[in-house]
Amino acid sequence: MSKPNKAVFLSYASQDVEAAQRICEALRAGGIEVWFDQSELRGGDAWDTAIRKQIKSCGLFIPVISQNTHRRGEGYFRLEWKLAVDRSHLISADLPFLLPVAIDDTRDDDERTPERFRELQWTRLPRGETPPTFVERVARLLSPESNESNGPSPAPAPLRSTSRPHTATAAPGKGWRPVPLLIAALALLGLGYFALDKFALSKHVSDAVQTPAVTSSATPTSAAISERSIAVLPFVDMSEKKDQEYFSDGLTEELLDQLAQVPDLRVPARTSSFYFKGKQTTIAEIARALGVANVLEGSVRKAGKTIRVTAQLIRADNGYHLWSKAYDRDIKDIFKVQDEIAGAVVTALKAKLLPSRHEITAHRTSSTEAYNEYLLGRQLFNLGGLENYSRAVAVFQKATALDPHYAAAYAWLSSAKMNATLEGSGVSDYHGALADADRAIELAPGLADGYSIRGALRIFNMFDWSGAQSDLEKALALDAHGSSQQRRYGALMATLGRLPEAIAAVRKAIEVDPLDTIAWADLGRYLAATEQYAQARQALGRSLEISPESSYARRWLGETELREGRAAEALAEFRQVPQEPARLCGVAAAEYLLGHGKESQQALDVLLAKYGGTWSTSIAAVFAWRGENDTAFEWLARAYQRRDDALPRIKYDPALTKLRADPRYRALLHKMNLPG
């Protein structure tokens, strides 16, 4: 090669020669020198000498990865790959050298691909079709200014179709499974919306699996996207046994929470960032869906007491790396790694300083064992469902036993206990949850989570509205970024009958977490309560786009239909509700309003027999729909006696508001300290 460090070495299996030729021709047409051994050298001493020389002096090494390279256990390309990996260890981590390209849907955790390649961002060029943007990217990488040691490494992160291991996640208290969205942005009250153009090169993603573009009506238009906005994607578990996903996910959440504290950074919350986990979606599509200019992703390899973390900050519109680094540390230094990554992101985006160490110590512990249990507990909590909440309680208890001063673990222990009770564990542990929340606040008065969960407990069990408002306003003052804080504040406002404020709060939650299915469903409930039915349907429909199996959204869509007198449409919705007691409630009410008394009674009998001890408020609502007011009030009395968590919706539930004219309704509000 006549120009050292100005040429590309293209390495491929012989079966992929046509695809490699396309890449080569595109690069050469762009004025880039390419070493492309197609015919002249075929092994032997001369080939070996030439190959070593070229790999030693090339500017970029492009391994062409495919199912053919996966199937072939031997091949000259494997020697080329080894030589390139060996050289990469001699090159500074902030300088680009390896640029893996996949020409089909081979997974980026393919076990027959060198580990060093798997740690990097892959480019997807199906069948070798090479767009001009890729050629421009390579040219920039080869330019002298790209290789200055004191500047960021713009190694590309282009067109990736991620194939990370998939783990379903859940919104707290409402189990749901991520699925592709199918409908474009919705026109909701006063929000700006835009039609998302698919990423110009998304057609080059594998034809085998493609995720439709995701949009959100809370996402700003491209012109309005702040340069200081970032999505933190789930770090990939690269551990040998693939059994440390809870740790890699936990590290991601910790980084996300830390960056969210930076005053002038916009950071979408966990639900939205984790929505894309395991999906075949490009970086550009994710960034557009979440309304961010930058994406942080990486990987974690944990083995015993050691850990390797790689992180890379990517500019979404052109795929260039703004910063990347690998950390090999002892596990006890994990917080230092988090600080360094967050600090590098803030510096690269020219944002304000990070919160002081004092402000973030509440999330931390000196016990690596306690931290490990804490991260495992968060993973179980995020999976949702009674079994996982119960397991999370045990794990968080272990974390607090290992470190009795671990405030964040106490806050999450309180949340897990509350959600296990809400899911119908049969054992009410609200008092224990309240004690844990109090302990979290005592240990860390500056930690928003403690106030937020205590505020929720005061709403759903204690009926302490002033205390709940004080706690939630404190939580919002400490962390306005928290979507759960906004949703809980919205629930309190709705409980008090202040629906415009409830709508405003949940809209703020959606701004922070645009793919939060629960927030969209709450918005639909509150809009319906203010008789904005068309917009309510749109919000509930949006919730169901994000999570089609959401019992919560489906049920409230049915309730909206009932409120409008569309019993047949309501019945169709209720029959699709996965959660049995919610489905029975809706079917019993809708069948009665359709004049099907027998069918209504059959559903009601099953409901009473199986869920009479736990669904008091909802059963009262069924009797209210049926016009049996005396029985409805009997069940409301039971709901009050057992502090049913659904009773606080008495002022906006469409069935219970039918009882307003009855003096017993106002008397119950008075007992609950609610304004009449």
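Keep in mind that this is a model prediction, so the values were computed, not measured.

## Regarding the overall build of the protein
Now for step 1: The helix and strand inventory of the protein stands at 28 helices and 10 strands.
Now for step 2: Put simply, the protein has 676 residues, and 61% of those count as buried.
Now for step 3: Residue pairs at least 24 apart in sequence account for 67% of intrachain contacts in the protein once pairs closer than 6 positions are excluded.
Now for step 4: For the protein, the exposed surface amounts to about 26200 Å²; the carbon and sulfur share of it is 50%.

## Observations regarding the sheet that holds strand β2 (residues 33–35)
Now for step 1: Pairing is parallel across the open sheet formed by 5 strands, whose spatial order is β2-β1-β3-β4-β5. Two strands lie at the open edges of the sheet, namely β2 and β5 (123–124), each paired on one side alone.
Now for step 2: The pairing of strand β1 (residues 7–11) with β2 spans 3 bridges and is parallel. Considered in β2, the bridge of F9 is made with W35.
Now for step 3: Across the sheet, helix α1 (residues 17–29) lies against β1, β2, β3 (60–65) and β4 (101–102), angled at about 170° from β1, the strand it touches most.
Now for step 4: The strands that helix α4 (residues 76–88) touches are β1 and β3; relative to β3, the one it contacts most, it runs at about 140°.

## Structural notes on helix α26 (residues 616–625)
Now for step 1: A large share of α26 lies buried, amounting to 10 of its 10 residues.
Now for step 2: Of all the residues in α26, the buried ones are S616, T617, S618, I619, A620, A621, V622, F623, A624 and W625.
Now for step 3: Of the residues flanking the end of α26, it is G627, one or two places downstream, whose phi is positive at about 80°.

## Side note on the packing of aromatic side chains
Now for step 1: Within the structure shown, the criterion is met by 17 aromatic pairs.
Now for step 2: Grouping aromatic residues by their ring pairs yields a cluster made of F247, F335, Y371, Y374, F381, Y389, F396, Y406 and W412.
Now for step 3: We note K279 situated over the ring of Y275; from NZ or CZ to the ring centre the distance is 4.3 Å.
Now for step 4: One Lys or Arg, K302, reaches over the ring of F247 and ends 5.2 Å from the middle of that ring.

## Thoughts on the pairing of strand β9 (residues 306–315)
Now for step 1: For β9, the tally of buried residues reaches 8 of 10 residues, placing the bulk of the element in the interior.
Now for step 2: Judged from the 10 bridges that link them, strand β8 (residues 294–303) and β9 form a sheet pairing that is antiparallel. Directly across from L296, in β9, lies its bridge partner L313.
Now for step 3: Linking β8 to β9, which pair antiparallel, is a turn of 2 residues; within it G304 sits at a positive phi near 60°.
Now for step 4: Sheet topology places β9 next to strand β10 (residues 321–330); 9 bridges connect them, and they run antiparallel.

## With respect to the confidence of the model for the protein
Now for step 1: Counting all residues, the mean pLDDT for the protein is 82, and 83% of those residues have values of 70 or more.
Now for step 2: In this model, residues 146–217 is a region of pLDDT below 50 whose contacts with residues beyond four sequence positions or in other chains number 222 contacts.
Now for step 3: Contacts for the low-pLDDT stretch residues 219–223, under 50 throughout, to residues beyond four places or in other chains number 12 contacts.

## Here we look at the pattern of salt bridges
Now for step 1: Per the counting criterion, the structure on display carries 44 salt bridges.
Now for step 2: A salt bridge links K336 to D333; the nearest nitrogen and oxygen atoms lie 3.9 Å apart.
Now for step 3: For D333, a relative accessible area of 17% puts it in the buried group.
Now for step 4: A salt bridge links R364 to D339; the shortest N-O distance between them is 2.8 Å. Here R364, found in the loop between α11 (357–360) and α12 (368–383), pairs with D339, found in helix α10 (residues 334–348); they are 25 residues apart in sequence, far enough to count as distant. You'll find R364 and D339 in the same group, each marked buried.

## Looking at the nonpolar core
Now for step 1: By size, the foremost hydrophobic cluster in this structure holds 86 residues, and its most contacted members are Y526 and M672.
Now for step 2: When residues no more than four places from it in sequence are discounted, the contact partners of Y526 are G490, A491, A494, L499, A502, I503, V506 and Y652.
Now for step 3: Counting residues in hydrophobic clusters, the runner-up holds 51 residues, among them F247, L251, Y371 and A409.

## Here's the deal with the environment of Q397
Now for step 1: Looking at the element boundaries, Q397 is found in helix α13 (residues 386–402).
Now for step 2: Sequence separation of Q397 and L413 is 16 residues, and the distance between their C-alpha atoms is 6.8 Å.
Now for step 3: Not counting the four nearest positions on each side in its chain, Q397 is found in contact with L413 and K417.

## Let's talk about the side chain of N68
Now for step 1: Tracing the chain through its elements places N68 in helix α3 (residues 67–71).
Now for step 2: Beyond its immediate stretch of four places on either side in the chain, N68 contacts Q15 and D16.

## A closer look at the environment of Q244
Now for step 1: Structurally, the position occupied by Q244 is in the loop between β7 (236–237) and α7 (245–260).
Now for step 2: Separated by 57 residues in the primary sequence, Q244 and R301 place their C-alpha atoms 8.0 Å from one another.
Now for step 3: Setting aside chain neighbours within four positions, we find Q244 in contact with D237, S239 and K302.

## Let's talk about helix α20 (residues 517–529)
Now for step 1: Its 13 residues give α20 an end-to-end C-alpha distance of 19 Å, which sits within 8% of 18 Å, the value for a rise of 1.5 Å per residue.
Now for step 2: Taken across its 13 residues, α20 has 13 buried, putting it largely inside the fold.
Now for step 3: Sitting at the head of α20, D516 places a side-chain oxygen 3.0 Å from the backbone nitrogen of I518.
Now for step 4: In the stretch just after α20, E531 is the one whose phi turns positive, near 65°.

Each value, and the rule that gives it
Along each chain, residues carry numbers from 1 onward, in the same order as the chain's sequence is written. Only residues with pLDDT of 70 or above have their local features reported here, since the model is predicted, and side-chain atom pairs are shown and tallied only from 80 upward, although totals for entire chains, interfaces and linings are computed over all residues. In computing side-chain properties, one takes all heavy atoms of the structure into account and sets aside hydrogens as well as water. The secondary structure listing takes helices from DSSP runs of H or I that are at least 4 residues long and strands from runs of E that are at least 2 residues long, numbered from the N terminus. Here the term buried applies to any residue with accessible area under 20% of the maximum for its type, exposed to any over 50%, and partly exposed to those in between, with areas from a 1.4 Å probe on protein chains only. By definition in these notes, contact holds between two residues if any of their heavy atoms fall within 4.5 Å. All accessible areas in this document rest on Shrake-Rupley with a 1.4 Å probe, and a residue is counted as covered only by the protein chains that are shown. The pairing criterion is simple: DSSP has to find at least two bridges between the two strands. Here the axes come from fitting lines to C-alpha atoms, over the contacting stretch only for helices, and the angles between their N-to-C directions go from 0 to 180 degrees. Here a pair means two rings of Phe, Tyr or Trp (six-membered ring of Trp) with centres within 6.5 Å. Their orientation is stacked below 30 degrees between planes, edge-to-face above 60, and tilted elsewhere. By definition, being over a ring means that NZ of Lys or CZ of Arg is both within 6 Å of the ring centre and within 35 degrees of the ring normal. Each residue carries a pLDDT value, the predictor's own confidence for that position, ranging from 0 to 100. When a carboxyl oxygen of Asp or Glu is within 4 Å of a side-chain nitrogen of Lys or Arg, the pair counts as a salt bridge. Nonpolar cores are built from buried Ala, Val, Leu, Ile, Met, Phe, Trp, Tyr and Cys residues. Side-chain atoms within 4.5 Å join them into one set. In a helix, the anticipated span is given by 1.5 Å times the number of residues less one. Polar contact is defined as a pair of N or O atoms within 3.5 Å, subject to the rule that within protein one atom must be able to donate a hydrogen and the other to accept it, and that residues adjacent in sequence are counted only when both atoms are side-chain atoms.

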